[in-house]
Amino acid sequence: MLTRVVPSVAVICAALLWSVDGLLRQDLYSLSSLVIVALEHLIGALIFLPFLFRSASKIKLLDRRGWISIFWVSICGGLLGTYFYTKALGYVNYIDLSVVVLIQKLQPLFAISLASIILKEKLSKRFIFLASIAILGGYLTTFGNKSFLHLDSKSIIASLLALLASFCWGSSTVLGKDALKQIPFELVTCIRLIVTGTVALFIITSSGNFSDIYSLSIENYKTIIIIVFTSGSIALSIYYYGLQNLAASHTAIYELVWPLSAVLIDWLMKGKTLSLTQMIGAIILLSSMTILIKENSSE
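Residues numbered from 1 in each chain as written. Predicted model: local features only at pLDDT ≥ 70, side-chain atom pairs only at ≥ 80, totals over all residues. Heavy atoms only, no water.

A.B. asks: Before we move on, could you go through the side chain of S171 and cite the residues and values that matter?
C.D. replies: The residue S171 is located in helix α7 (residues 153–180) in this model. The class of S171 is buried, set by a relative accessible area of 3%. Within polar-contact distance, the side chain of S171 engages the side chain of W72 at 3.0 Å. Within the local environment of S171, its side chain forms a polar contact with the backbone oxygen of C168, the two atoms lying 2.9 Å apart. (Helix = DSSP H or I, 4+ residues; strand = E, 2+ residues; numbered from the N terminus. Buried < 20%, exposed > 50% of the residue type's maximum accessible area, 1.4 Å probe, protein only. Polar contact = N/O pair within 3.5 Å; in protein donor to acceptor, adjacent residues only side chain to side chain.)

Below, the structure written as C-alpha cells:
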C-alpha cells in the first residue's frame, strides 16, 4: 500500500510546485526564454551531478531506444516544452496564468494520440468524442465567450505557445516512462538536465547571444535559483520518482492538482479570476480528461 501511496504523493507534490512556477517565471518575462531555460537546467545539472558519478555504470543499461527516449525528453520536453511555456508566460498582459496552465491538461490527449501513431494502438469512438469535448473545453477556457476572429494576435500567440508546450510535455511523458524502465529516476533527471542545458547553451552561443547571460541582474539570478530548487529540477526529480513507480495514465490524474491549484494561486495572489464561460470550459476540460485518463488506465 505504501509503495503506491508515496509515489502518488510525490506526483501531487511536484504538481503543487509547478503551480508556483508560473508566478516565478512571469517575473522574468523581459528576459530571453532560451537563457532562462539554459541557466535553470545547467544549475540543476550541477545539483544532480553526484548521482551521475554514483550511477555512471548504469548508463550502459540504456539501449538504443532508451537513448532516443532520453534525447526526446531532453530536447522536446526539457528544451522546447520549457521554452514555449516560459514564452507563453511572457505575455503577462495578454493571457492569465490560469489559462496557460489549464491548456497544459491537454497533454494526455497528445500522449494517447501519439501512442496510437507510434504504437499502433486503436482509438475508440468514445476517445474521439471525449477528445473533442476536451478541445471544446480548452477553447472556452482560453478564449471565453470571445470569437477567435476578434482576439488580438498576442493572445492567440500565447495560447498557441502553451498548446505547443502541452504537446512537448505530453509526448515526453510517454517516452520518459520508457527511459525510466531502464535506469533510475535520479539518473534520468541528471542526464536530461545536462543535455537540455548544454544544447540550450550551444544555441545561445552559436546565435551570438551569449552576452544576454551577463545582462541578468542579481534579482534575476535569485529567481532562477528559486525555480531550480522548487518548481524546476527538484520538482522534476520528484515527478520522475512518481512516474517510475506508477502507470503513466495514473500519473496524469494526479497532475490535475497543478491547474486547480494554479487557478487558486492566481486568484489569491493576483486577484485574477476566470470568467463564467472560462470556468465552464475548465470544468469541461478537466472532467473529460479525467474520464479519458481513467478509461485508458482501465484498458
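A.B. asks: Which residues make up helix α8 (residues 185–206), and what are the values?
C.D. replies: Between its first and last C-alpha atoms α8 spans 31 Å; for 22 residues at 1.5 Å apiece the expected length is 32 Å, and the two agree. Once α8 finishes, G208 follows within two positions and takes phi at roughly 75 degrees, a positive value. (Expected span 1.5 Å × (residues − 1).)

A.B. asks: Outline the state of the cysteines, supporting the account with residue identities and numerical values.
C.D. replies: In a disulfide, the sulfur atoms of two cysteines are covalently bonded to one another. Scanning the model with the defined rule gives zero disulfides in all. Looking at C76, it has no disulfide partner, and the nearest cysteine sulfur is the one in C168, 3.7 Å off. Given a relative accessible area of 8%, C76 falls into the buried group. Since its relative accessible area comes to 3%, C168 is described here as buried. (Disulfide = S-S within 2.5 Å.)

A.B. asks: Tell me about a nonpolar patch on the surface, and please be specific about residues and values.
C.D. replies: Side chains of L264, W267, L268 and M269 sit close together on the surface and give an oily, nonpolar patch of about 480 Å² of accessible area. Here M269 is to be found in helix α13 (residues 257–270). (Patch = residues over 30% accessible without salt bridge, like charges linked within 9 Å, V, L, I, M, F, W, Y side chains within 5 Å. Areas by Shrake-Rupley, 256 points an atom, 1.4 Å probe, with all protein chains shown as cover. Salt bridge = Lys/Arg side-chain N within 4 Å of Asp/Glu carboxyl O.)

A.B. asks: I'd love a proper account of the pattern of salt bridges, names of residues and values included.
C.D. replies: This model, assessed by the stated rule, comprises four salt bridges. A salt bridge links R25 to E40; its shortest N-O distance comes to 2.8 Å. Here R25, found in helix α1 (residues 2–26), pairs with E40, found in helix α2 (residues 33–54); they are 15 residues apart in sequence, far enough to count as distant. Judged by relative accessible area, which is 5%, E40 ranks as buried. Close ionic contact of R54 with E186 constitutes a salt bridge, the shortest N to O distance being 3.9 Å. Here the residue R54 occupies a position in helix α2, and E186 occupies one in helix α8, the gap between them amounting to 132 residues. One network of salt bridges, in which partners are shared, links D21, R25 and E40.

A.B. asks: If you had to explain the nonpolar core to someone new, which residues and values would you point to?
C.D. replies: In this structure, I70, Y85, I183, I191, Y239, Y240 and W258 are the most contacted members of the largest nonpolar core, which totals 48 residues. With 16 residues, the next largest nonpolar core counts A38, I213, I224 and I227 among its residues. (Core = buried A, V, L, I, M, F, W, Y, C linked by side-chain atoms within 4.5 Å.)

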